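# Examination of the molecular architecture
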Amino acid sequence: MLPQIIQCSSFQLRPWRIADKPALLRYANDRVVWRNMSGNFPYPFTDADADQLLAVAAGQTPPEGIYAIEADREAVGMLSIVRGRHIECCFAEIGYWLGEAHRGRGIATEAVGRVVEMALAEPNLVRVAAPVAAWNTPSMRVLERNGFVREAVLRRAGYKDGTLFDRVIYARIRESADPYVAALECGPTHDMGESRRGQPPASRSVGSAT
Ligand SMILES: CC(C)(COP(=O)(O)OP(=O)(O)OC[C@H]1O[C@@H](n2cnc3c(N)ncnc32)[C@H](O)[C@@H]1OP(=O)(O)O)[C@@H](O)C(=O)NCCC(=O)NCCS
């Protein structure tokens, strides 16, 4: 189970708070962040977008694995590590962004390193991966410095900003685990159609207690 707060050298990872809204709006409303994030990260990042994100990330029970990166006493970025479903239940995907004014200080490299070490120490998680746009050298450096291996290039697998682009899959794995046996330690799932003995657990974010 990942801790709620992860103390790093000059910053910390912690749950989002409703009071982070001004900082979130200041740093997330960034074309570079939008261009490099997968999923439906919006740009412009509006007041309503901030409310929507915080409604989940800063809810009464903050989702595990969704962190604010707090530096200089404000939330300056985000890091998420979310477990897959079904056959990907022993695999988590990591994503992150940092406000422009705070880049180039090694924050992302250290944050990813700390979280991945902890995640791969979970008994039933053996792989952490990130898809990176082919142009995103800073993100590739963050991953490479943390022992991620460039596994594959998915050609023309992304479309953004009017451009088709390649996506590079980076992953770090725990070599020593038997994922199937380890997954059983979580107990049987009651997920739809998967209640038979021996099936891996239902999807949840890393270490989730739900
Ligand atoms: C990717 C990102 C999180 C990196 O954050 P950061 O805290 O600035 O990263 P760090 O300071 O830890 O280090 C980044 C590495 O990239 C390098 N780098 C930074 N800018 C670079 C550039 N324009 N070209 C090449 N390398 C660059 C740094 O030198 C460093 O590598 P090094 O350790 O070998 O010197 C940040 O640039 C960002 O938020 N980008 C937009 C969102 C994004 O791309 N998210 C990732 C999606 S996969």
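No experiment lies behind these values; they were computed from the predicted model shown.

Broken down by element type, the protein carries 6 helices and 8 strands. In the protein, the succession of helices and strands from N to C terminus is β-β-α-α-α-β-β-β-α-β-α-β-β-α. Every one of the 210 residues in the protein was classed for burial, and the buried ones make up 30%. Partitioning the intrachain contacts of the protein with sequence separation of at least 6 by distance along the chain shows that 62% fall at a separation of at least 24.

Taken together, 23 residues lie near the ligand, and Asn36, Arg103, Ala108, Thr109 and Pro138 sit nearest. Listed by contribution, the elements that provide at least two residues to the shell around the ligand are α2 (31-36), β5 (91-98), α4 (107-119), β6 (127-133) and α5 (137-144). Among the elements that line the shell around the ligand, the one with the most residues is α5, at 5 residues. A class-by-class count of the residues in the shell around the ligand yields 12 nonpolar, 7 polar and 4 charged.

Going residue by residue along strand β2 (residues 11-14), you find Phe11 and Leu13 tucked away on one face and Gln12 and Arg14 left uncovered on the opposite face. Of the strand pairs in this sheet, strand β1 (residues 6-7) and β2 are connected by 2 bridges, and their pairing is antiparallel. When the sheet's bridge partners are listed, Gln7 is paired in β2 with Gln12. Hairpin connection between β1 and β2: a loop of 3 residues separates the two successive antiparallel strands.

Below, the discussion takes up helix α1 (residues 21-28). What α1 keeps buried is the set Leu24, Tyr27 and Ala28. Seen along its axis, α1 keeps its buried residues to an arc of 85°; they face one direction. Of the surrounding elements, those touching the buried residues of α1 are α2, α3 (47-57) and β4 (74-83).

Looking now at the sheet that holds β6. With mixed pairing, 8 strands are arranged side by side in an open sheet as β1-β2-β3-β4-β5-β6-β8-β7. For this open sheet the edge positions go to β1 and β7 (149-160), each flanked by a neighbour on one side alone. Against the sheet, α4 contacts β1, β2, β3 (66-71), β4, β5, β6 and β8 (163-173), and its axis sits at roughly 160° relative to β5.

Our next topic: the nonpolar core. Ranked by size, the top nonpolar core spans 48 residues in total, and within it Ile69, Leu79, Ile94, Tyr96, Ala111, Val112 and Val115 carry the most contacts. The greatest single-element share of this core, amounting to 7 residues, is contributed by α4. Setting aside chain neighbours within four positions, we find Ile69 in contact with Phe11, Leu13, Ala75, Val76, Gly77, Met78, Leu79, Leu98, Ile107 and Ala111.

This next bit is on unusual backbone geometry. Following Tyr43, the chain continues into Pro44 via a peptide bond in cis, with omega recorded as -5°. Along the polypeptide, Pro44 turns up in the loop between α2 and α3. Located in the positive-phi region is Arg73, a residue other than glycine, with phi close to 65°. The residue Arg73 is located in the loop between β3 and β4 in this model.

What follows deals with the packing of α1 against α3. The geometry of α1 relative to α3 is characterised by a closest axis approach of 10 Å and an angle of 120° between their N-to-C directions. Here α1 lies oblique to α3, going by the angle between them. At the point where α1 passes α3, the crossing takes the right-handed sense. Contacts between α1 and α3 involve Lys21, Leu24 and Leu25 from the first element and Asp47, Ala50, Leu53 and Leu54 from the second.

In terms of residue burial, β6 counts as a mostly covered element, since 5 of its 7 residues are buried. Pairing geometry for β5 and β6, over 3 bridges, is parallel. Bridging across to β6, Phe91 finds its partner in Arg127. Relative to β8, β6 runs antiparallel, the two sharing 7 bridges. By the bridge assignment, Arg127 is partnered in β8 with Ile173.

What counts and how
Residues numbered from 1 in each chain as written. Predicted model: local features only at pLDDT ≥ 70, side-chain atom pairs only at ≥ 80, totals over all residues. Helix = DSSP H or I, 4+ residues; strand = E, 2+ residues; numbered from the N terminus. Buried ≥ 20, exposed ≤ 12 C-beta atoms within 10 Å, placed from the backbone. Contact = placed C-beta atoms within 7 Å. Near = placed C-beta within 6 Å. Nonpolar A, V, L, I, M, F, W, Y, C, P; charged D, E, K, R; others polar. Pairing = 2+ DSSP bridges. Arc of directions from axis to C-beta. Axes fitted to C-alpha atoms, helices over the stretch in contact; angles between N-to-C directions. Core = buried A, V, L, I, M, F, W, Y, C linked by C-beta atoms within 7 Å. Parallel < 35°, antiparallel > 145°, perpendicular 65-115°, else oblique. Left-handed = near helix turned anticlockwise from the far one by under 90°.

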